[in-house]
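Spelled out from the first residue to the last, the chains are:
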There are 2 protein chains.
Amino acid sequence: MGRQPSAKPTSFDIAYLAGVSQPTVSRALRGSKSVSAATRANIERIARELNYTVDKNASSLRSQRTHTLALLFFEDPTPDESMINPFFLSMLGSITRECARRGYDLLISFQQMHNDWHVAYQDSHRSDGIILLGYGDYQLYLTKLEHLVEMGTKFVRWGSVSEEGIGLTVGSDNVGAGEQAGAHLIEIGRRNIAFLGDASDHAPEFQDRYDGLCRAMRAAGLDPDPALQRDAVSSEDSGYAAATSLLAGAQPFDAIFAASDLIAIGAMRALTEAGLRMPHDVAIIGFDDIPAASLTSPTLTTLMQDMKGAGTLLVDALLARIEDRPVEQRILPARLIRRQSTAVQGSSGGRLGAVF
Amino acid sequence: MGRQPSAKPTSFDIAYLAGVSQPTVSRALRGSKSVSAATRANIERIARELNYTVDKNASSLRSQRTHTLALLFFEDPTPDESMINPFFLSMLGSITRECARRGYDLLISFQQMHNDWHVAYQDSHRSDGIILLGYGDYQLYLTKLEHLVEMGTKFVRWGSVSEEGIGLTVGSDNVGAGEQAGAHLIEIGRRNIAFLGDASDHAPEFQDRYDGLCRAMRAAGLDPDPALQRDAVSSEDSGYAAATSLLAGAQPFDAIFAASDLIAIGAMRALTEAGLRMPHDVAIIGFDDIPAASLTSPTLTTLMQDMKGAGTLLVDALLARIEDRPVEQRILPARLIRRQSTAVQGSSGGRLGAVF
DNA sequence: CGCCATAGGGTATACGTATACGCATAATAT
DNA sequence: ATATTATGCGTATACGTATACCCTATGGCG
């Protein structure tokens, strides 16, 4: 008995102690202007003393606002279900923090693409809005997005901003990043640049990166060779397979731009097994700058996406949409991180230049 | 107007359509025995047609059960705040999935150690229980745990099971894993084994791993040398610093057991810079088997924790505690993953054996 | 044939908060 | 000095569900 947790104090308890009515407590704590400074201060003091916190459920029920955002990971169904794209995991941190800063809770759910859409619908009931994250087959979830729009659900998604998408999108400047990658490879003298990553409209982001690469090549007077493109989804195995297929092809190449670091890592494995040296024989650039990129051998040049900015922007945009404020699409710049996989002596030299 | 989303349907709506009262709808959908099969089927059909979902807030408010678990990450305050221990991130996936399977929502929040504990208390209002995850200064949050217990909050934490802890703990068999690491190093002929990781009671898990190592050494007739132990927290930089300090010391060593892969990776960088070859001059073992462990050069031998099992067990234990079912501490075995960093020819040889 | 148990479901109400109103009092305007 | 408005707060009620309690009809039993 002794120090009973005295149940959970309610706004009535603190109202009683403050000598006011329950609604006044509610008003005071929510910052209403129609409560005097003295009263408010008193109420806040008592609330603190009692360790009082507003009951989230009651509050949400009454106000019809949950102050919760839902984060939906879409994954391609992968055999190894525990492997999550590291890039999105890094974004999780910044999203969480931004939510906390805004006083929002974050609900998490993972979702296999093929699963019942009902889950997302439920999530929309438990939260004020949804953040959609995930690579994967884009077409597959287009209809689902339409469904969301139809139901008036508020959501933002991470993805390709360039295409005329459904709903609000925040994403990296994939075309610009592709250009940077291409320009860098050209600068170190490479001419035959391969691209590993889905270039169909099933993966608009990868397509954008490829477009950027092509643009950079054309700007340098080069002609992108479609035979040097291989489809790949964002996984090591897929990268390995794509690179293997590339090696089996007839077209010679002296550089690879991989649509993600995971693809690049897989490709590096294939190249190493084939006895090719990097960057001497083949220079390689990835995308994302996952932690592993600085651990590979050689360390991987890559394009770093601004994950911290991404989290902030996503939450920001979603809240704006929830509060019916105007929002426009936002694009985040990517930054080239130079590492060993493209480090050759001098700015020319190409595949002929000896490294030492 | 046309196909108005017709607002959100309530249990009254579907009760009206089914020709029953609202409570009957509630009973039917919650699986109460006192509603006939026919009525239930009818109600379920109508509910599905209207896309009805139970209002989480109202339900929680009335029943005082939120059907939500909170996941609290504790981090040591790090300058680079975006870096989250990869190991815990992998666990996130399995926890999420397990929650979903049990019909629970998962609320996420990251928490700097030094932050106001009040936040966690609030979480206890929003969830039925808390899962605590995080390396970090253990002493620092002991008092906070006591606070939780005092308030009757249900929680589980991931950590060292061996110590007489507060609250319910699920964790790997750190002592056993340390023994495995030691035995393996001894088996390949190493005698002077260093340990990188906090061996104080600020980090019980690391201490357990060290204890295991010492046990294995003693079992082989070796005497653990305290001069070969260096404190380190789980980060690459800390590992680098610890290894550097070790190299500066007078004691020779031919093997390192690092308390985490991140530490090991940092240490490998220091060794490489010092011109030492692995495993020839120094064999090294990490802990966790993060994805990066298979990418280092040489690839890193490590002890894999059963993350999938961990997620399941954590959720399982927490639910048991919430439902006042009896639970006991659970220990998960770790598995030795042999890679290049301990791969020497033959089972003896030590630092003298040439690799080729 | 009367009694009681049981199935099936209705009635009333509570969960804790937020908000629409209304009503004083005090501060202005006229 | 009266009409007007703002200030500060209380009264009443709604949010959507779950549960305690009560009631009716049926069937089994003696």
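Residues numbered from 1 in each chain as written. Chains lettered and ligands numbered in written order. Predicted model: local features only at pLDDT ≥ 70, side-chain atom pairs only at ≥ 80, totals over all residues. Heavy atoms only, no water.

A. Spatial organisation of the sheet that holds strand 7 (residues 229-230) of chain B. Residue and element names in this part refer to chain B. Judged by pairing direction, the sheet is mixed, and its six strands sit side by side in the order 7-6-8-9-10-12 without closing on themselves. Each having just a single partner strand, strand 7 and strand 12 (335-337) make up the two edges of the open sheet. When strand 6 (residues 193-196) meets strand 7, the two strands line up parallel, connected through two bridges. Across the sheet, residue F195 finds its bridge partner in strand 7, namely Q229. On top of the sheet, helix 8 (residues 174-187) reaches strand 6, strand 8 (255-258), strand 9 (283-288), strand 10 (301-304) and strand 12; it is set at about 160 degrees to strand 9, its chief contact. The strands touched by helix 11 (residues 261-273) are strand 6, strand 8, strand 9 and strand 10; relative to strand 9, the strand with the most contacts, the crossing angle is about 155 degrees. (Pairing = 2+ DSSP bridges. Helix = DSSP H or I, 4+ residues; strand = E, 2+ residues; numbered from the N terminus. Contact = heavy atoms within 4.5 Å. Axes fitted to C-alpha atoms, helices over the stretch in contact; angles between N-to-C directions.)

B. Representation of the sheet that holds strand 10 (residues 301-304) of chain A in the model. All names here are of chain A. A sheet is described by the order of its strands in space; here six strands give the open sequence 7-6-8-9-10-12, paired in mixed fashion. The strands lining the two open edges of the sheet, one partner per strand, are strand 7 (229-230) and strand 12 (335-337). The strands touched by helix 9 (residues 204-219) within the sheet are strand 6 (193-196), strand 7, strand 8 (255-258) and strand 9 (283-288), with strand 6 carrying the most contacts at an inclination of about 170 degrees. Running at roughly 145 degrees to strand 6, helix 10 (residues 236-248) makes contact with strand 6, strand 7 and strand 8 of the sheet.

C. Up close: the protein's contact with DNA strand D. Around DNA strand D sit 28 residues in total, of which T24 of chain A together with S11, S26, Y52 and R62 of chain B are the nearest. For DNA strand D, the backbone makes up 54% of the atoms found within 4 Å of the protein, where backbone means sugar plus phosphate. R30 of chain B is positioned with one of its side-chain polar atoms (N or O) 3.3 Å from a phosphate oxygen of DNA strand D. Between DNA strand D and D55 of chain B there is a distance of 3.5 Å, counted from a phosphate oxygen to a backbone nitrogen or oxygen. Of all the elements, helix 2 (residues 22-30) of chain B adds the most residues to the surface near DNA strand D, at five residues. Its residues assigned to classes, the surface near DNA strand D comprises nine nonpolar, twelve polar and seven charged. (Near = heavy atom within 4 Å. Polar contact = N/O pair within 3.5 Å; in protein donor to acceptor, adjacent residues only side chain to side chain. Nonpolar A, V, L, I, M, F, W, Y, C, P; charged D, E, K, R; others polar.)

D. Summary view of the protein's contact with DNA strand C. DNA strand C sits among 26 residues. The nearest are S11, S26, Y52 and R62 of chain A together with T24 of chain B. Of what DNA strand C places within 4 Å of the protein, 53% of the atoms are sugar or phosphate. The backbone of D55 of chain A places a nitrogen or oxygen atom 3.4 Å from a phosphate oxygen of DNA strand C. Contacts to DNA strand C include A58 of chain A, whose backbone N or O atom sits 3.4 Å from a base nitrogen. Elements represented by at least two residues in the surface near DNA strand C include exactly helix 1 (11-18), helix 2 (22-30) and helix 4 (56-63) of chain A together with helix 2 and helix 4 (56-63) of chain B. Among the elements that make up the surface near DNA strand C, the one with the highest residue count is helix 2 of chain A (five residues).

E. Expanded view of the packing of aromatic side chains. For the coordinates displayed, the defined rule picks out six aromatic pairs over all chains. Between F257 of chain A and F287 of chain A the ring centres are 6.4 Å apart and the planes differ by 35 degrees, which places this aromatic pair in the tilted class. Residue F257 of chain A is found in strand 8, and its partner F287 of chain A is found in strand 9; the two are separated by 30 residues along the sequence. On the basis of relative accessibility, which here comes to 0%, the residue F257 of chain A falls in the buried class. Taken together, a centroid distance of 5.5 Å and an interplanar angle of 70 degrees make the contact between F195 of chain B and F257 of chain B edge-to-face. Here F257 of chain B lies in strand 8 and F195 of chain B lies in strand 6, a separation of 62 residues in the sequence. Through pairs of rings, three or more aromatic residues link up here, namely F195, Y210, F257 and F287 of chain A. Note that R209 of chain A overlies the ring of F287 of chain A, its terminal NZ or CZ placed 3.7 Å from the centroid. (Phe/Tyr/Trp six-rings, centres within 6.5 Å; stacked < 30°, edge-to-face > 60°. Buried < 20%, exposed > 50% of the residue type's maximum accessible area, 1.4 Å probe, protein only. Lys NZ or Arg CZ within 6 Å of the ring centre and 35° of its normal.)

F. How the structure looks around the packing of helix 4 of chain A against helix 4 of chain B. One can describe the packing of helix 4 of chain A onto helix 4 of chain B by two numbers: an axis separation of 8 Å at closest approach and a directional angle of 135 degrees. Relative to helix 4 of chain B, the element helix 4 of chain A is oriented oblique. Relative to helix 4 of chain B, helix 4 of chain A is oriented so that their crossing is left-handed. Each of N57, A58, S60 and L61 of chain A in helix 4 of chain A lies in contact with helix 4 of chain B, whose residues at this interface are N57, A58, S60 and L61 of chain B. (Parallel < 35°, antiparallel > 145°, perpendicular 65-115°, else oblique. Left-handed = near helix turned anticlockwise from the far one by under 90°.)

G. A look at the pairing of strand 10 of chain A. Residues and elements named next belong to chain A. Across four bridges, the pairing between strand 9 and strand 10 is parallel. Across the sheet, residue D288 finds its bridge partner in strand 10, namely M304. As defined by bridge partners, strand 10 adjoins strand 12 across three bridges and the pair is classed as antiparallel. Of the residues in strand 12, the one forming a bridge with L303 is L336.

H. Broad picture of the nonpolar core. One finds I95, L133 and W158 of chain A together with I95, L133 and W158 of chain B to be the most contacted residues of the largest nonpolar core, which totals 65 residues. In this structure, L133 of chain B is in contact with L71, L72, F73, F74, F88, M91, I95, W158 and L314 of chain B, ignoring residues within four places of it in sequence. (Core = buried A, V, L, I, M, F, W, Y, C linked by side-chain atoms within 4.5 Å.)

I. View of the environment of R48 of chain A. Looking at the secondary structure, you find R48 of chain A in helix 3 (residues 37-49). Residues R48 of chain A and D198 of chain A, spaced 150 residues apart in sequence, show a C-alpha to C-alpha distance of 55 Å.

J. Inspection of the environment of W158 of chain A at higher detail. Within the secondary structure, W158 of chain A sits in strand 4 (residues 155-158). Between the C-alpha atom of W158 of chain A and that of E328 of chain A, which follows or precedes it by 170 residues, the distance is 14 Å.

K. Seen up close, empty space enclosed by the protein. Applying the stated criterion to the full structure yields three cavities of 30 Å³ or more. Looking at the largest cavity, its volume works out to about 200 Å³. Forming the walls of the largest cavity are 17 residues, and the residues nearest its centre are N57, T68 and R126 of chain A together with N57 and T68 of chain B. The set of elements that each furnish at least two residues to the lining of the largest cavity consists of helix 4, strand 2 (105-112) and helix 6 (118-126) of chain A together with helix 4 and strand 2 (105-112) of chain B. Grouping the amino acids of the lining of the largest cavity by side-chain chemistry returns two nonpolar, nine polar and six charged. As a volume, the second largest cavity reaches approximately 40 Å³. Elements with a minimum of two residues in the lining of the second largest cavity: strand 6 and helix 9 of chain A. Tallying contributions element by element places helix 9 of chain A first for the lining of the second largest cavity, with four residues. When grouped by side-chain class, the residues that make up the lining of the second largest cavity number nine nonpolar, one polar and one charged. (1 Å grid on protein atoms, 1.4 Å probe; cavity = no way out; pocket = protein on both sides within 12 Å on 5 of 7 lines; lining within 4 Å. Points joined across faces, edges and corners; volume = space filled by probe spheres on them.)

L. Focus on the pattern of salt bridges. Residue and element names in this part refer to chain A. As enumerated under the stated definition, the model contains 32 salt bridges over all chains in all. The salt bridge involving R65 is made with D128; its shortest N-O contact spans 3.5 Å. One end of the pair, R65, is in the loop between helix 4 and strand 1 (68-75); the other, D128, is in the loop between helix 6 and strand 3 (129-133), with 63 residues separating them in the sequence. Because the salt bridges share partners, they merge into one network encompassing E98, R101, R102 and D316. (Salt bridge = Lys/Arg side-chain N within 4 Å of Asp/Glu carboxyl O.)

Function-wise, these values are silent; they only describe arrangement.
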